[in-house]
Structures are given as C-alpha cells and as structure tokens.
Amino acid sequence: MEFYRSSRRLQILGSVILLLFIHGAYSFYLPGVAPQDFEKGDELKVKVNKLTSIKTQLPYSYYSLPFCRPKKIVDSTENLGEVLRGDRIENAPYSFKMREAQMCNILGRVTLDAKSAKAFKEKIDDEYRVNMILDNLPLVVPIERIDPGQGSPSVVYQLGYHVGLKGQYEGSKEQKYFMHNHLAFTVRYHRDMQTDAARIVGFEVKPYSVKHEYEGQWSEKTRLTTCDPHTKRLVVSSATPQEVENKKEIIFTYDVDFQESEVKWASRWDAYLLMSDNQIHWFSIVNSLMIVLFLSGMVAMIMLRTLYRDISRYNELETQEEAQEETGWKLVHGDVFRPPTNSDLLCVYVGTGVQCLGMVLVTMIFAMLGFLSPSNRGGLMTAMLLLWVFMGLFAGYASSRLYKMFKGTEWKRIAFRTAFLFPAVVSAIFFVLNALIWGQKSSGAVPFGTMFALIFLWFGISVPLVFVGAYLGFKKPPLDDPVKTNKIPRQIPEQAWYMNPVFSILIGGILPFGAVFIELFFILTSIWLNQFYYIFGFLFLVFVILMVTCAEITIVLCYFQLCSEDYLWWWRSYLTSGSSAVYLFLYAAFYFFTKLQITKLVSAMLYFGYMLIASYAFFVLTGTIGFYACLWFTRLIYSSVKID
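Here we summarise the structure given alongside this text. Residue numbers restart at each chain and count upward from 1, following the sequence in its written direction. Restriction of local features to residues with pLDDT of at least 70 applies here, the model being predicted, together with a cutoff of 80 or more for giving and counting side-chain atom pairs; totals for whole chains, interfaces and linings are based on all residues. The basis for every side-chain value is the complete set of non-hydrogen atoms in the structure, without hydrogens or water.

Turning our eyes to something else, we now look at the packing of aromatic side chains. The aromatic pairing rule takes the rings of Phe, Tyr and Trp, using the six-membered ring of Trp, and pairs them if the centres are within 6.5 Å, calling planes under 30 degrees apart stacked, those over 60 edge-to-face and the rest tilted. Per the stated rule, a full pass over the model turns up 50 aromatic pairs. In this analysis the charged atom, NZ for Lys or CZ for Arg, is taken to sit over a ring once it is within 6 Å of the ring centre and within 35 degrees of the ring normal. The ring of Tyr60 carries the charged tip of Lys123 above its face, separated from the ring centre by 4.2 Å. If you follow Lys123 out to its NZ or CZ, it ends over the ring of Tyr128, 5.5 Å from the centre.

Here we come to the packing of helix H14 (residues 536-563) against helix H17 (residues 601-638). Running from N to C, H14 and H17 point in directions that differ by 50 degrees, and their axes come no closer than 8 Å. The angle between H14 and H17 falls in the class oblique. The chirality of how H14 crosses H17 is right-handed. Residues Phe543, Leu546, Met547, Cys550, Ala551, Thr554, Ile555, Cys558, Tyr559 and Leu562 of H14 form the contact with H17, whose participating residues are Phe618, Leu621, Thr622, Ile625, Gly626, Ala629, Cys630, Trp632, Phe633, Thr634, Ile637 and Tyr638. In terms of residue class, the contact of H14 with H17 is made up of 18 nonpolar, four polar and no charged. Simply put, an axis is a line fit to the C-alpha atoms, just over the touching stretch for a helix, and the angle between two N-to-C directions goes from 0 to 180 degrees. Per the convention used, a helix needs a DSSP run of H or I reaching at least four residues, while a strand needs a run of E reaching at least two, with both numbered from the N terminus. Oblique is the label for any angle not covered by the other classes, which are roughly parallel (under 35 degrees), roughly antiparallel (over 145) and roughly perpendicular (65 to 115). Handedness of a crossing is defined here by the sense of rotation of the near helix relative to the far one, left-handed for an anticlockwise turn of less than a right angle and right-handed for a clockwise turn. Residues are treated as being in contact if the distance between any of their heavy atoms lies within 4.5 Å. Put simply, Ala, Val, Leu, Ile, Met, Phe, Trp, Tyr, Cys and Pro go in the nonpolar bin, Asp, Glu, Lys and Arg in the charged bin, and everything else, Gly too, in the polar bin.

Take a side-chain nitrogen of Lys or Arg and a carboxyl oxygen of Asp or Glu: if they are within 4 Å of each other, that pair is a salt bridge. Inspection of the entire model under this criterion finds 19 salt bridges. We note a salt bridge from Asp87 to Lys50, for which the minimum N-O separation is 2.9 Å. One end of the pair, Asp87, is in the loop between helix H2 (80-85) and strand S3 (90-91); the other, Lys50, is in strand S2 (residues 46-52), and 37 residues separate them in sequence. Here Asp87 matches Lys50 in class, with each residue buried. Here the residues in one salt-bridge network are Arg99, Arg191, Asp196 and Glu260, joined through shared partners. To sort residues, take the accessible area from a 1.4 Å probe on protein chains only and compare it with the maximum for the residue type: under 20% means buried, over 50% means exposed, and anything in between is partly exposed.

Further remarks concern the packing of helix H15 (residues 570-578) against H17. H17 packs onto H15 with a crossing angle of 135 degrees between their chain directions and a minimal axis gap of 7 Å. Between H15 and H17, the interaxial angle falls into the category oblique. For H15 against H17, the interelement crossing comes out right-handed. Of H17, the residues touching H15 (which contributes Trp570, Ser573, Tyr574, Leu575, Ser577 and Gly578) are Phe619, Val620, Thr622, Gly623, Thr624, Gly626, Phe627, Cys630 and Leu631. Here the residues of the contact of H15 with H17 are counted per class, giving eight nonpolar, seven polar and no charged.

Looking along a regular strand, one sees the side chains alternate between the two faces of the sheet. Along strand S14 (residues 198-208), eight of the eleven residues are buried, which leaves the element largely enclosed by surrounding structure. The pairing criterion for strands is at least two bridges between them, as found by DSSP. Pairing of strand S13 (residues 182-191) with S14, which is carried by ten bridges, proceeds in the antiparallel orientation. Looking at the pairing, Phe185 lines up with Val205 of S14. Hairpin remark: S13 followed by S14, antiparallel, with six residues in the connecting loop; positive phi at Asp196, about 70 degrees.

Attention now moves to the state of the cysteines. The disulfide criterion used throughout: a pair of cysteine sulfur atoms within 2.5 Å. Counted under the stated rule, the structure contains one disulfide. With its sulfur 1.8 Å from that of its partner, Cys104 forms a disulfide with Cys227. Disulfide Cys104-Cys227: the torsion about the S-S bond is -90 degrees, which places it as left-handed. Of this pair, Cys104 sits in strand S5 (residues 102-111) while Cys227 is found in the loop between S14 and strand S15 (242-243), placing the two residues 123 residues apart along the sequence. Here Cys104 matches Cys227 in class, with each residue buried.

Following this line, the structure appears as structure tokens:
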C-alpha cells in the first residue's frame, strides 16, 4: 500500500511539473533575447541562412547558388553551435521598411549559364529550401491542412521555401525545372496602442514561379509587364512559370505586406513550437511509467521480501556447517568485491559516463528554464559542448575514486585515459564525416578556425580539468568493502542458459530503450527532418524514467546473477543497461529506411556516423547509471549480513 501511495504521489508530482514545463517551453523568454521596437518606416534587416534538404542532409550557403547579391556580403554567424550546425547567416539584398507595403520590387536579373543552370537543377532535384531570418524569426511557408474529423482547416508552417519545383507543361511528358523567383512576404506585427511602435511577431512567404516580361532594353528603370503596381497587376499564381535552362533570363522580384496581429511578442514562437501530437507525448510518458512501475514492483519485492527473508535467515545461522549448506548470494561474499578484469577500462568508462550524465542533466535544466530557446540558434549545441568540457572535472574524480577502490596506484594513467578515450573515438568519427562534408563543398563542413577552437576546448580546458578531478578523487580515502575478499577466487558453478552473459545483457537493454523509444522518434524527426523540438518538460520526465529504469533492471538482473553464485557483476552491470544503445542504433537504422528519403551514399554515411556517436554516448551514459545502482545495491546487501 505504501508503495502504491508513493507511486501515485510521483505521478501527480510528475504531471504538475510537466504542465509547468510545457507552459514554460511555450511562453517563457529570458531577457537575453530582448524585444526590438520598430517605428513606421524603420529599416528591417532581412538575413539569409543556409539552404537545407532532408534528402541530402548537406547544408549549403545561400550564395553558393547564383542568387542576387548585395554589394557586400557580411557573415553574421554568432556562436560555435551555429557553425557546427552548418548555419551561414549573411545579409540579404531585400529592402523592407516597417509597415510600408511594397509591390513588385525588382531584386535583380540573372542570366543562367550551363554551370549555374545545372546547380539550380541539382538543388531543385534534392528539394532544397531557402531559409531566411527577420528579427530573429525564421521564414515560414503557411500551408492549410484539413485534419480528418475536423471541418475547419488548420494552418501548419514549413521552415523555408523550396528553391524551385519540377513539373510538366500541359500536353507534354517532358520534365521541366521551374524557379521560385517571386516571393510574396508577409510580415506580421503587434502594435503598441500608446506609443504606436511595433514588434515583429511573424515572417511568412508564398513563393511563385513567374516568367517576367518587359518591353525594350533592360535598365534599372525597367517596368515589368507581368508585375506592375502602377497598373495593379500583381502576381497571384504561377500560370506562366520561369524555366531553369541554359541562357535563360531570370528576374527576381518580391512583395512585402504588413499585417497587424493580436499575437504578442512573448508568444510569437508558439506557431513554430505548438505540437499537434501532445497525446502521443502523453502516451510516451504513460508507456514509460508502466515500465517503471513494473520494475519498481520487482525491486520492491526483492528488497522487502526476498532480501529481508534471506538476511534474516543468514543472520540466524549458528554454525559454519549450516552456512556452507546454504546456497545463494551470501556464498559469494568473499569474491563479490574482487576487482574485475580490465578494471582500468571500467574506471575510464564510468568516469566518462558521469561526464555525459552531468552534461545532459544541466543542459536539460537550462533548456527548461528558457535559456536555450530556439530563438537562440546554436545555443543548445554550444551549451552541450561547454558543459561537456567543464564536466571533465567530475569525470576525473569519479574514475580515480573507483580506481582507488580497486587498489590502483597510478592515478595519472587513469586520468589520461579518461581524458582521451571517449573524445578520441568521437573525434575520429567526426573528422571522417567532416572530410566527407568538405568533399561535397557543403557549408556543414567545420572550418579550420572552429576546428582549432574545438581542439583547444579539449586539450586546453577539458584535459586539465580531468587531471584536477582525478587528483582530488585520488586524495580522498578509498571506499572500504563491506566484506573481506578471499585470496583464492571461488569457482563459478555452471549457469542456466538464461543466465548466459550475452543473453542477460541484451535482455537488460530492452526495457530502458522501451522507456524512451517514443520520445526518440520526435528527437530524430527534429534533427533529420528540420523541425523544432522544444518539449523539454516531456524530455526531462522521460530521462528521469530512463535513469530509474536503468537502475532497476540492473539491480534485478544483478540479484539473479548473485543468487546463481556468479560474482562477476562489475562489467555485466555496466553492459546490462548500456546494451540499450544497441537497440537505439537499430531503431535509428529502422527510422532511416522507413521515414527518411536519403538516397545519396555520403548522406547515408553522415546519418549512420552521427547516430553511431549518439549511440556510443548513450551507451556510456546508461551503463554508468546501471553500474552505480548495482554498486550501491551490492554494498547495501552485503553490509546487512553477519559475516564470520
């Protein structure tokens, strides 16, 4: 009954916290992203960002295509995260004046040659989108969608507009390429009734493909016959589209319309962030909670009934002969704290897991408090990188503490391996992937200057902090084992088939993965399908459930292992919960083949390369949680029995 009450309280508390988090995620903004007031006629600076495609996952700079250019291109990329994401934010040739509508503004004229026509066709083939920014708001294309069961249409927003489209003329079977060369912008603003100043709350576009025509020779004062505000001839459809072919002339034009909106500045991101599938998130939480409640019941049964009975029975035994007749976990007390094989490597992986855990927890807390809102582009990645670097202190501390418990003496060697093993593996994969991106001339390739900054963060800050942490951890007295270890190792009896290490390790990873796989779908969608993910309240709750699940499944399987007189639990406890990373990678492969439209070999290698890094990080994170849970459990039960 007490267990039921505590579970019920946990559910209620979780629901309250979750509602607060969702409210915060949708409407809470910190002063770091300050609103900007615009008077009528003020100049608005439009910026262009990278070209993106969900088919190739390779971003390109806007000016890698022969679009109209300003007199001088200025790079406005602000932080490390933006560079690593492939963002290349630059000034645009568009000229907006606040609350002053403009029709048929001519941006410029481009005559295609064979090379530029081919470049445009390749980008149209790969469904590339143009991304722009105005007052820190990304450009969106509104699309009406009628949901089944609902009469009224709802508006969904897609980030960026397509470079162009493919189609056929009526009566022809030949595939043609058409360019979106006319953009009808809509800037939504919220006006202060007292000061008449306005704040931008929306930035939308409707792209058109129009073959513009004009009379006479082209000059700066040329008026178009297809789009002329003086004759009130405006572009409202793509009836005569603009072809992309060698020696074709393309005239780029745009409209700007300003519409007053009831949406306030603090809520302007709602349209980007509002999820229509909250029910699925709730289903994810309920699914995860069911797994946790099932495991908690098993752990409670083991701890309260089985262990209590075992400990009472062991403590009541009077003679050594009676004790030797007993079977179960007490029999291996003289070997259970014997240091494992490759204990140094275990110390390194545990320290790395602590580093990962610290980074993830602090990042999520900052994200829920609003510090890492999507208006702060690249903020999430920058925060994770910096936190990883500074968490090196805890990595060194944790690895050297465990190393000293194993009676180790060379703490500097452990500190060195902790500082270099995981980052070296990740860096090696990253450098290979970066070389592939560089070979494709994509803006996603990390520049030399940024690479130098990353190496400095690793060698200049992270490595020294790992050594400082290791020194502090090694100075502290070691943890004393609750029982003495025998000099001669006990022989492990033959195990049942279901206690085979490989089988039990793989079984142990299923439940932690099952607790997170629904939320994992949304995370993969946000990363690979270019969408926003900002439901950090849900994510934090799922992460807490993941930690509890990892701890409980490891404790349950560790207890069964000790009961079968197998005392080699150190590595197995780490691998049991860590094996969930295998299922994570398999799910990523399933997602690749069922949800993504990637066809290029380089893009597929990028996907699996990055998912391999993510799975490796997930392995050290979940493995460390399981290991510490098992360490606590074994110390607890063996300190509760009388050992002669």
